[in-house]
Amino acid sequence: MRALAARLAGSPRITVVTGAGVSAASGVPTFRGAGGLWKSHRPEELATPEAFDRDPLLVWEWYAWRRELVAKARPNRAHEVLAAWSRRYPEFRLVTQNVDGLHERAGTQNVTRFHGSLRTLACHRRCAGSSPDGWEHEGPLSELPPRCPHCGGIARPGVVWFGEPIPAEALRAAAQAVNCDVFLTVGTSAVVYPAAGLLLEAAARGAFTVEINPDATPATRGVDLALAGPAEEVLDRVERTLPGE
Ligand code: BV8
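A brief structural summary. (Residues numbered from 1 in each chain as written. Predicted model: local features only at pLDDT ≥ 70, side-chain atom pairs only at ≥ 80, totals over all residues. Heavy atoms only, no water.)

1. Some thoughts on the sheet that holds strand S4 (residues 116-123)
Pairing within the open sheet is antiparallel, and its three strands lie in the order S5-S4-S6. A single partner strand is all that each edge strand has here, and the edge strands are strand S5 (135-136) and strand S6 (155-159). Both S4 and S5 contribute to a ladder of two bridges, which runs antiparallel. Looking across to S5, one finds that Leu 121 is bridged to Trp 135. Helix-sheet contacts for helix H4 (residues 56-72) involve S4 and S6, and the interaxial angle to S4 is about 135°. (Pairing = 2+ DSSP bridges. Helix = DSSP H or I, 4+ residues; strand = E, 2+ residues; numbered from the N terminus. Contact = heavy atoms within 4.5 Å. Axes fitted to C-alpha atoms, helices over the stretch in contact; angles between N-to-C directions.)

2. Digging into the pattern of salt bridges
Using the criterion set out here, one finds ten salt bridges in the structure. Between Arg 77 and Glu 80 there is a salt bridge, with the nearest N and O atoms lying 3.5 Å from each other. Placement of both Arg 77 and Glu 80 in helix H5 (residues 77-88) is noted, with a separation of three residues, approximately one turn of the helix. Three or more residues are tied together by salt bridges with common partners; here these are Arg 77, Glu 80, Asp 236 and Arg 240. (Salt bridge = Lys/Arg side-chain N within 4 Å of Asp/Glu carboxyl O.)

3. Side note on the side chain of Thr 120
Position of Thr 120 among the secondary structure elements: in strand S4. With relative accessibility at 7%, the residue Thr 120 sits in the buried group. A polar atom in the side chain of Thr 120 sits 2.7 Å from the side chain of Glu 136. Setting aside its immediate chain neighbours within four residues, Thr 120 contacts Arg 113, Asp 133, Gly 134, Trp 135, Glu 136, Arg 156, Pro 157 and Gly 158. (Buried < 20%, exposed > 50% of the residue type's maximum accessible area, 1.4 Å probe, protein only. Polar contact = N/O pair within 3.5 Å; in protein donor to acceptor, adjacent residues only side chain to side chain.)

4. Structural notes on the environment of Thr 241
Checked against the element boundaries, Thr 241 lands in helix H9 (residues 231-241). Spatially, the C-alpha atoms of Thr 241 and Met 1 are 7.7 Å apart, while their sequence positions differ by 240 residues. Once you skip the residues sitting within four places of it in the chain, Thr 241 turns out to touch Arg 2 and Ala 5. Among the polar contacts made by the side chain of Thr 241, one reaches the main-chain carbonyl oxygen of Val 238 at a distance of 2.7 Å.

5. Digging into empty space enclosed by the protein
Scanning the entire structure with this criterion turns up one cavity of 30 Å³ or more. Residue lining of the largest cavity: Val 17, Gln 97, Phe 183, Thr 185, Thr 188, Ala 190, Val 192, Ala 195, Ala 196 and Leu 199, and that is the complete set. (1 Å grid on protein atoms, 1.4 Å probe; cavity = no way out; pocket = protein on both sides within 12 Å on 5 of 7 lines; lining within 4 Å. Points joined across faces, edges and corners; volume = space filled by probe spheres on them.)

6. What about unusual backbone geometry?
Across the junction of Leu 144 and Pro 145, the peptide omega takes the value -15°, indicating a cis bond. As for its position among the elements, Pro 145 is in the loop between S5 and S6. The omega torsion across Tyr 193 and Pro 194 is 5°, close enough to zero to call that bond cis. For Pro 194, the position within the fold is in the loop between strand S7 (182-186) and helix H8 (198-204). For Asn 110, which is not glycine, the phi dihedral falls at a positive 60°. Looking at where Asn 110 falls in the secondary structure, it is placed in the loop between helix H6 (102-105) and strand S3 (111-113). Taking the relative accessible area as the measure of exposure, Asn 110 reaches 48% and is therefore partly exposed. A positive phi is found at Arg 126, a non-glycine position, where the angle reads about 50°. Note that Arg 126 resides in the loop between S4 and S5.

7. Looking at the site of the ligand
Surveying the vicinity of the ligand reveals 32 residues, the closest of which are Phe 31, Arg 32, Tyr 63, Thr 188 and Ser 189. Ala 20 has a polar backbone atom sitting 2.8 Å from an oxygen atom of the ligand. Within the backbone of Ala 231, an N or O atom sits 2.8 Å from a nitrogen atom of the ligand. Protein chains shield 73% of the accessible area of the ligand, which is 1500 Å² for the free molecule. Listing elements by their share of the shell around the ligand, those giving two or more residues are H4 and H9. (Near = heavy atom within 4 Å. Areas by Shrake-Rupley, 256 points an atom, 1.4 Å probe, with all protein chains shown as cover.)

8. A closer look at the packing of aromatic side chains
In the structure shown here, the tally under the stated rule is four aromatic pairs. Between Trp 62 and Tyr 63, the aromatic rings sit 4.9 Å apart at their centres with planes inclined by 75°, giving edge-to-face as the arrangement. What makes Trp 62 buried here is its relative accessible area of 7%. Aromatic pair Trp 85 and Tyr 89: ring centres 6.4 Å apart, planes at 85°, arrangement edge-to-face. Relative accessible area serves as the criterion here: at 0%, Trp 85 is assigned to the buried category. Among the aromatic residues, ring-to-ring pairing joins Phe 52, Trp 62, Tyr 63 and Trp 161 into one connected group. In this arrangement the basic side chain of Arg 7 is found over the ring face of Phe 208, its NZ or CZ atom lying 3.9 Å from the centre. Its end group placed over the ring of Trp 62, Arg 66 keeps NZ or CZ at 4.5 Å from the ring centre. (Phe/Tyr/Trp six-rings, centres within 6.5 Å; stacked < 30°, edge-to-face > 60°. Lys NZ or Arg CZ within 6 Å of the ring centre and 35° of its normal.)

As structure tokens, this is what we get:
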């Protein structure tokens, strides 16, 4: 912890990439872990445009269940520490693969949503009347699949599925964020690209790289510092060793 705290001294440029592991302590299941979301389904069955075209209701039942689960979840200590850092360090940027909105709910500034958001819907046909970025819909959905208010066609979840491009704005923000002094990969299995490639890009630009994860991942061997443990505990301990804490 002290090695990381030392690197955070001063006002370094800090970039954090997070995955489902940071929300585990909030009761949101991870994708590939023991109680993972993918256990009952394979990613190809649910998180692809083809799956949605084949069975929009099945995909929507999964996303509606996740929306309700996330609506009841609260940010945990990992989210709180990262939110505090986003206020303390002028050049702090967070890129999240998570679609649960918990970083924003914890008050984190400068969040880049790399895979979209569960709260966003978009017109499946991308009709002329609707924004390509979709619209926010809080609370339960009155019907499944939900409808586009502009064309009456079916709406889709405003998330990035496998085989779909990362939104241009998110890619642009991430391309900036890899120019940093300290890069942390927190709570991700580091298997989904291009998110998992950000670590390599930051290292190539001279960043000190850190992984926080209770388990080893394909990233573990390549980082400068691997802190094995749950994010909510490790980040809490780092925060407590920082000056002024
Ligand atoms: C694209 C949808 C191109 C939203 C998701 C190389 C380059 C580019 C692409 C590829 C490539 N190789 C392969 C690809 C294709 C593909 C891909 O990466 N496939 C993988 C499986 C091999 N990538 C794509 O398709 C991407 N698109 O590249 O498009 C393109 C360009 C132009 C035009 C057309 C196309 C799109 C990827 C996005 C896919 N969408 N989800 C949703 O439903 O949520 S991915 C899904 O996995 C989630 O979004 C999630 O965010 C993501 C990553 O999972 P993790 O967050 O890491 O979660 P996981 O459960 O895996 O791991 C949790 C970790 O936490 C574990 O390590 C565990 O140990 C740890 N943990 C547990 N408890 C804790 C903890 N850690 C800390 N604290 C704890 N308490």
